[in-house]
Amino acid sequence: MDTHHDARGRQQKLNASILEGRFSVVQMNTNKWLRFNQPSRLPSFGESCIENERVLVLVFESISWDIHTLCAVASLSRRFCAIARRILWRRLCVNRAPGMVAALSGADPTGRIDGGWHALAKLMFFCGGGESTRYFNLSQPSLGHFACESRFSKTSGRFFLPKNCRRDLLYMSDPCEHHAVGGDEHLGVFRGVFREFMRSKTRECLVRRQAALEEKVRCPYCGGRVWSMTAARLVPKSAARRLGSRDSGLEFFVCVNGHLHGTCWLIPLSSEEEDDDNSDGSVI
């Protein structure tokens, strides 16, 4: 009987030793895995540390800063959205329109810009469409869309500035042509951006005239409140000429961050009348 108990005890000790040995191996492998995966040595892909940001920048440089891919990455998580807002949107703007960004941001293209870099990126690549407003009637809204190509020009911008505001810097896009339902005319949708709008003569004129902010219209790029330049009587006749529109056939808005958007009815132009001046423009 004692012999049986002794044999049983030895077997239990042997089994315990085997289990302890296996646990030690597992623990050793686990420690190696933990040491290998320390954040300082190999950061996880989702962390917003400098290594991952560099990787993302390199990836987007390799695909020429494709806007659709950047939008997809920014929507993956809050962390990626934060990286995009802090770094990627700015790098996209600088890469695709360096001259325009340098003019808008001054000597420091790494600094802040009114409304944020994500809003400027959206303005550069996205046509906001159009809908009926107080001074512009559409039978049905025209949807926004990514623009295949856009040209922004500060020369075009001068046509949208009142005479006493010509020192302001405004980059304007060519109108994006939309088919209007139930009419022979085509709808033109245009957009632009001011440099340092808070210090601009245009804003000073709006404040001096006590122009009211619109109740129902918001900026399609930053979500800020807007002034109707038509209601403020600050739409120069040169704007209609530049767009190829009738004087009474346009309306545009400027938001508190200096983003401009508007709509007009386009008059068909012959090829000789089209303006192909790209001397001061940025093609995006």
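These numbers come from a predicted model, not from an experiment. (Residues numbered from 1 in each chain as written. Predicted model: local features only at pLDDT ≥ 70, side-chain atom pairs only at ≥ 80, totals over all residues. Heavy atoms only, no water.)

Participant: Can you help me understand the pairing of strand E9 (residues 245-255) in this one?
Facilitator: Working note: regular strand, side chains alternate between the two faces of the sheet. The element E9 is extensively covered by neighbouring structure, given that eight of its eleven residues are classed as buried. In terms of strand pairing, E9 meets strand E10 (residues 259-266) through six bridges, oriented antiparallel. Bridge pairing links Phe-253 to His-261 in E10. (Buried < 20%, exposed > 50% of the residue type's maximum accessible area, 1.4 Å probe, protein only. Helix = DSSP H or I, 4+ residues; strand = E, 2+ residues; numbered from the N terminus. Pairing = 2+ DSSP bridges.)

Participant: What am I meant to see in the state of the cysteines here?
Facilitator: In a disulfide, the sulfur atoms of two cysteines are covalently bonded to one another. Per the stated rule, a full pass over the model turns up zero disulfides. A disulfide-free cysteine, Cys-222 has its sulfur positioned 3.7 Å from the sulfur of Cys-255, the nearest such atom. (Disulfide = S-S within 2.5 Å.)

Participant: What should I look at first to understand the side chain of Ser-156 in this one?
Facilitator: Here Ser-156 shows up in helix H7 (residues 154-158). A distance of 2.8 Å separates the side chain of Ser-156 from the side chain of Arg-242, its partner in a polar contact. In contact with Ser-156, other than residues within four places in its own chain, are Met-172 and Arg-242. (Polar contact = N/O pair within 3.5 Å; in protein donor to acceptor, adjacent residues only side chain to side chain. Contact = heavy atoms within 4.5 Å.)

Participant: Would you mind showing me how to read unusual backbone geometry here?
Facilitator: Peptide bonds are, in most cases, trans, and in most cases residues other than glycine have a negative phi. With phi around 55 degrees, Gln-210 is a residue other than glycine that occupies positive phi space. Along the chain, Gln-210 turns up in the loop between helix H8 (201-208) and strand E7 (213-218). Within the chain, Arg-233 stands out as a residue other than glycine whose phi angle is a positive 60 degrees. Mapped onto the elements, Arg-233 comes out in the loop between strand E8 (225-228) and helix H9 (237-243).

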